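# Geometric and topological summary
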Amino acid sequence: MTSLRVRIGILGLVLLAGSAAPASPAVAAAAPAPTVEEQRLDRAVPREILERSGFDAVPLRFTRALGTAHSYAEARKVVVRQGSALWQRAVDRAQGRGPAGGDVSRDDDRPLYWARLGMTREVRTWEPSFGLTETQRAALLGELERTSRGQTAVRYPGGDRLKRVLVTGFDPFTLDRDIRISNPSGASALALDGTVIETAEGPARVETVVFPVRWQDFTDQTVERALRPYLKKVDLFTTVSQGRVGRFDVERTNGAWRGGFPDNDNVGVTGVVPVADPASPPQWTTTTLPYKAIVDADTGRFPVYDNTSVTEIPVGGTVPVVRADGPTAGSAARAGGGGNYLSNEIAYRVTLLRDRLGLHDVLPGGHVHTPVLEFGAGNTDPATGTVTDPGFVQNRLDIIAQVRAILVVAVEKAT
């Protein structure tokens, strides 16, 4: 998908489609360059992951379909259809439906991630003859992001027979440190989406969505737009991300602070978490998950902790202080239990949304950190290591199974 032959073919398709397309009355803007995140597609590891999963054909098929569009409206239909199909294909693969497409294990979240980037890069650099305004291109990218992340595919059945559970995951990140990285939260989302888990309180339907690791998307309120329609309909939610080595954490407290760690576009942002109605947000929000029951239960191989630590600037102080037992009254947040990166931020945003909707006392919800997904022994060097190994796969399968078990406990004890 990244070869010169493919790019020449893509250009030919665009020129061919453009020769028959009517001119647009809108003023077209020059196509921007690929993002830092999209540029990583040209490296060997992403190409190998796509080829060994069968997802290498996805961006090429998308390019061909996009080339048949003779207007913005037609392009939008292609984007929505193909983005939705990518999400469903990734879910089906993770859950054992249809062909595997290659020898990369079905539980792997990376084919979805890299295929999506192939599609967003095409939209970002596309120059159809009918022209795209900046607003139109941004709208197409937004539709592609939402549909390919499951954000438009959340479906709960009517009636009271099933509990309703909402789970979120993340893309892989720190890819310049090791481009082979997979994110077990994203893999868990694919494995759980649309499934029914059996609990002592009856069956529960799980729906999932995945979010990018980019500060700007969070600034643009992508979390609130995606989840607000569902919070009043669900019985429990949990945001999930990758955390520490060898352990799960149920994060007790979330802080309204960005710590500046670079995102997938190598952008770092420091400051107060920007939310709607900025005059009123609290410095801290708290979990309403049944954390004690989750910690006490035997949910799997990894220990689970009730993480109560935070970093704050106390009233009257100027220096950040680590508190093992939560924030003190009136303090300013510098890190929640889950740190001050986007995992803390999604936890803060969704629990704040829960509270603003008046659901704090009736909707169990919070954040769970999974263990770091580690490669197997002898495969830890990113420069010489392989893209997968048996230990890596088993670690991911164990984490997914334990996320599912934690959800069972949460549903049972929160009822």
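Relevant structure appears above.
Worth saying up front: this structure is predicted, and the values here are computed from it rather than measured.

## Observations regarding the sheet that holds strand β11 (residues 310–313)
Taken in spatial order, the three strands line up as β12-β11-β13 in an open sheet, and their pairing is antiparallel. Of all the strands in the sheet, just β12 (321–323) and β13 (332–335) have a single pairing partner and so form its edges. In this sheet, adjacent strand axes meet at a mean angle of 40 degrees when their direction is disregarded. Of the pairings in the sheet, the one linking β11 to β13 comprises three bridges and is antiparallel in character. Residue pairing for β13: E312 is matched across the bridge by A333.

## Description of the packing of aromatic side chains
As enumerated under the stated definition, the model contains nine aromatic pairs in all. Residues F170 and F218 carry aromatic rings whose centres are separated by 6.1 Å and whose planes lie at 15 degrees to one another, so their mutual orientation is stacked. Here F218 lies in helix α9 (residues 215–219) and F170 lies in strand β1 (residues 163–170), a separation of 48 residues in the sequence. Note on F170: relative accessible area 4%, which makes it buried. Arranged with centres 5.9 Å apart and planes meeting at 45 degrees, the rings of F173 and Y341 form a pair that is tilted. Here F173 is found in the loop between β1 and α8 (184–192), whereas its partner Y341 is found in the loop between β13 and α12 (342–356), with 168 residues between them in sequence. Residue Y341 is classed as buried on the basis of its relative accessible area, which comes to 14%.

## Looking at the pattern of salt bridges
Counted by the stated rule, this structure contains 31 salt bridges. Between R247 and D249 there is a salt bridge whose closest N-O contact spans 2.5 Å. Take R247: its relative accessible area is 22%, and that puts it in the partly exposed class. Here D249 falls in the buried class, since its relative accessible area comes to 0%. We note a salt bridge from D306 to R252, for which the minimum N-O separation is 2.5 Å. Of this pair, D306 sits in strand β10 (residues 304–307) while R252 sits in the loop between β5 (248–251) and β6 (253–255), and the two are 54 residues apart along the sequence. Among the residues examined, D306 registers a relative accessible area of 28% and is labelled partly exposed. Residue classification places R252 among the partly exposed residues on the basis of a relative accessible area of 25%. Within the structure, one salt-bridge network assembled from shared partners comprises E37, R116, E145, R149, D171, R214 and D217.

What counts and how
Residues numbered from 1 in each chain as written. Predicted model: local features only at pLDDT ≥ 70, side-chain atom pairs only at ≥ 80, totals over all residues. Heavy atoms only, no water. Pairing = 2+ DSSP bridges. Helix = DSSP H or I, 4+ residues; strand = E, 2+ residues; numbered from the N terminus. Axes fitted to C-alpha atoms, helices over the stretch in contact; angles between N-to-C directions. Phe/Tyr/Trp six-rings, centres within 6.5 Å; stacked < 30°, edge-to-face > 60°. Buried < 20%, exposed > 50% of the residue type's maximum accessible area, 1.4 Å probe, protein only. Salt bridge = Lys/Arg side-chain N within 4 Å of Asp/Glu carboxyl O.

On their own, these measurements won't tell you what the molecule is for.
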